[in-house]
Amino acid sequence: MQGNTILMNSDRVLETILQALGELVEYELAVILRYDGKERLQVRKAMGPLANRAFQNYQIHLDDQPDLAAVLQRKRAHLFSPEENHVDTYAEILDLPDQHSCLVSPLLLEDELVGLLTLDHRSCNRFSPAILRFVETLSKLMSLALIQLDVSQDLAEQNRRLLQERNHLLAAESDVFSHLAGESSAWLRVLDAIKLVAGTSVPVLLQGETGTGKEEVARAIHRLSGRFRHPFVPVNCSALTPTLAESELFGHEKGAFTGALALKKGRFELAHQGTLFLDEIGDLPLELQPKLLRALQEGSFERVGGERPVQVDVRIVAATHVNLEKAVAEGKFREDLYYRLAVFPLELPPLRARAADVLVLAEFFLRKIRERSGKPVLVFSPEALEKIQRYSWPGNVRELKNVIERASILAVDGIIRAEHITALRAGPCCAVEEGSAEKAAVRSTPAVPATGNLAPLEHAMADHIRKALAASGGKIYGPGGAAARLGLKPSTLQSRMKKLGISKGE
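Presented here is a report on the structure given in the accompanying data block. Remember, predicted model here, so these are calculated numbers, not experimental data. Here, residues in each chain are numbered from 1, in the same order as that chain's written sequence. Local features in this predicted model are restricted to residues whose pLDDT is 70 or higher, and side-chain atom pairs enter the listing and the counts only when it is 80 or higher, whereas totals over whole chains, interfaces and linings include all residues. Excluded from the side-chain calculations are hydrogens and water; all other atoms, namely the structure's heavy atoms, are used.

### Concerning the pattern of salt bridges
Formally: Each salt bridge in this description consists of a side-chain nitrogen of Lys or Arg and a carboxyl oxygen of Asp or Glu lying within 4 Å of one another. Counting from the N terminus, the helices are DSSP H or I runs at least four residues long and the strands are E runs at least two residues long. A simple rule labels every residue: compare its accessible area, found with a 1.4 Å probe on the protein chains alone, to the largest value its type can have, and call it buried under 20%, exposed over 50%, or partly exposed in between.
The full count for this structure, using the stated rule, is 25 salt bridges. A salt bridge links E15 to K45; the nearest nitrogen and oxygen atoms lie 3.7 Å apart. You can see E15 sitting in helix α1 (residues 3–24) and its partner K45 sitting in strand β2 (residues 40–47), a full 30 residues away along the chain. Of the residues examined, E15 reaches a relative accessible area of 21% and is grouped as partly exposed.

### Observations regarding the packing of helix α4 (residues 185–198) against helix α5 (residues 214–223)
Rules: Between the N-to-C directions of two axes lies an angle of 0 to 180 degrees, each axis being a line fitted to C-alpha atoms and, for a helix, fitted only over the stretch in contact. The sense of a crossing depends on the near helix, which, turned anticlockwise from the far helix by less than a right angle, makes the crossing left-handed and, turned clockwise, makes it right-handed. Whether two residues touch is decided by their heavy atoms; if any such pair falls within 4.5 Å, the residues are in contact. Charged residues are taken to be Asp, Glu, Lys and Arg, nonpolar residues to be Ala, Val, Leu, Ile, Met, Phe, Trp, Tyr, Cys and Pro, and polar residues to be all remaining types, Gly included.
With their axes 8 Å apart at the nearest point, α4 and α5 run at an angle of 35° to one another. The chirality of how α4 crosses α5 is right-handed. Of the residues in α5, those in contact with W187, I194, V197 and A198 of α4 are V217, A220 and I221. Its residues assigned to classes, the contact of α4 with α5 comprises 7 nonpolar, no polar and no charged.

### Quick look at the sheet that holds strand β7 (residues 204–207)
Sheets are built from strands that pair by backbone hydrogen bonding, the pairs being arranged parallel or antiparallel. Going by this rule: Any two strands with at least two DSSP-identified bridges between them are counted as paired.
The parallel open sheet is built from 5 strands, whose spatial order is β8-β9-β12-β7-β13. A strand with exactly one partner marks an edge of an open sheet, and here the two such strands are β8 (232–236) and β13 (344–347). Within this sheet the neighbouring strands show an average axis-to-axis angle of 20°, counted without direction. Both β8 and strand β9 (residues 275–279) contribute to a ladder of 5 bridges, which runs parallel. The residue bridging V235 from the neighbouring strand is L278, located in β9.

### Remarks on a negative patch on the surface
Using the following cut-off: Each patch is assembled from residues with relative accessible area greater than 30% and no salt bridge, linking like charges that lie within 9 Å and nonpolar side chains (Val, Leu, Ile, Met, Phe, Trp, Tyr) that lie within 5 Å. Reported accessibility uses the Shrake-Rupley method at a 1.4 Å probe radius. Residues are deemed covered only where the shown protein chains occlude them. In this charge count, Lys and Arg are treated as positive and Asp and Glu as negative; neither His nor the chain ends contribute. In this description, the location of a charge corresponds to atom NZ of lysine, CZ of arginine, CG of aspartate or CD of glutamate.
On the surface, E39, D63, D64 and E92 cluster together into a patch of negative charge. Mapped onto the fold, D64 is located in the loop between β3 (59–61) and α2 (66–74).

Take a look at the structure:
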C-alpha cells in the first residue's frame, strides 16, 4: 500500500468514527484534536453542520485555555454547564450563542494523553450525564484508533523516505561511478566494495599509494549513502600542526587561547549528519589520537576551552598511504584507534596493477579536457597511446591526469603525439615489469594496422588485445589466459573483442 493511500485512509477512518458517533449522539460540531506533548492541541478532523475550512490545522494553546487544561489534567470527560466560566473552545473561528451545549473528553491511552474530543450544539441541554459517560467510554477506542493512525502515517513517511533514498541511489550510482573510470578486475572489486559499504554507517579505511584516488572513492561512498544530503567535510591530517590540530578538528570557545576572538566550530561539527573524510590519517599528531578515539566511540567531544559536551552524528572515512599496522608496531599510531577506523578496510590498487585501465583513464581525462576547453578535436596518436601504455605510472592516476593535462596544452594542432607525453620518471622503477609472456609479446609483436574506422584509442586497445591473445595461444579463460593477462573479466574481454571486431583465432 502506498503512502498517499495510507494517509487518505487515515482521514477516512476518523470521518467514519465521527459519523458513527453522530448516529448515537446529536451534535452540530464534533472535533478530534491531537496532543503534541508541548501544551498544544491540533485539529485532526472536524465534522458537522458547523464545521468549516477554518478548522483545518487549527491549533489550541492550553496556556490560553485554562479550563480545557484543567479538564485534561483531571483526565475525565466534562460537560460544561451554563454557570461555568468557560471560554468557547473555538471562539477565534466560530461564533456560538452564549447558551449552548459543550462536551469535552480527553483521549487517553494507558493514562497517557494523546488528544481531545469535543462536541458542540447551539441548543442548551443537548448532552445528558448518560451521554457524557457513553462518550467517555467511546473515547478510549478513539484514542487507540488515533495512535494507530499516527503509526500508519509514520510508516508511510518512512516508506516515502526509503523510496526517495532508493531512487537516489539508483540514479546516483551511474553518475557517481562515472568519475571512477576503469574496467579491470582489480578496480571492479573496489567498486563492488563501495556499493557494499556505502549504505552502512561503519568507518571505512582507504589504503593505497599516493594518487590512487582515495578522496574520489570517499566522495563516492558519501554520495551513495543515506547522508548524501548532508556535508562531506575533508581534512588533510598531514597539514595539521600539533598546536592547531585540536582546534581545527573540534573547534574552540571564545577566549580559549590568544586570538580566539569568537566561537569556532570544528570539522566534526561541520560534518554533523554527514561524512568526515580524514585524509592521511597516519600523519595525525599522536597527542590528538586519544581525543579522536573518544569522539568516535561516544559521538561527543568538548571544544578547546569548553566544558560542555558537543554531540555529533558523523560517518568517518579515513585514508592513508602508509602502513598503519607497521606504524602501530613502531608506537607511532594508537592500536585502539587503528581498529576503530579499520572496521571496513579497502585497498586501492596502484595503476600499474590496473594495466587494462590506463588507456581508459587516459581517454576519460582527455574527454573531460575537451568538454572543459571547448576543443572538439583533441585526440591521441597511436605512438602516444603506446608510450602511455608502456609506462608504469608510479604516481598513479594523479600522475596520469597531470601528464594528459600537460600534453593537451602542448598539442596545439589537436593531436597528442609521443613527444607531448613528457615529465615521465626515468629508471627501472618506471619501466614495464619483465617476465610475463604477455609483456614479451608486447615487445616482439609488430603493431597491427588500424582497420575500418577505428579511432586511435580503439586501435591501441585492439592491438593490445591481439598481443595478449597471441601470448596466450588464443586462450581467454583461466590462468595464463588473455583475460587474466589483461586484468579483465573474461566476459568483459569478450564484449570488447566483439566491439572491436576481433576474433578468437587472430
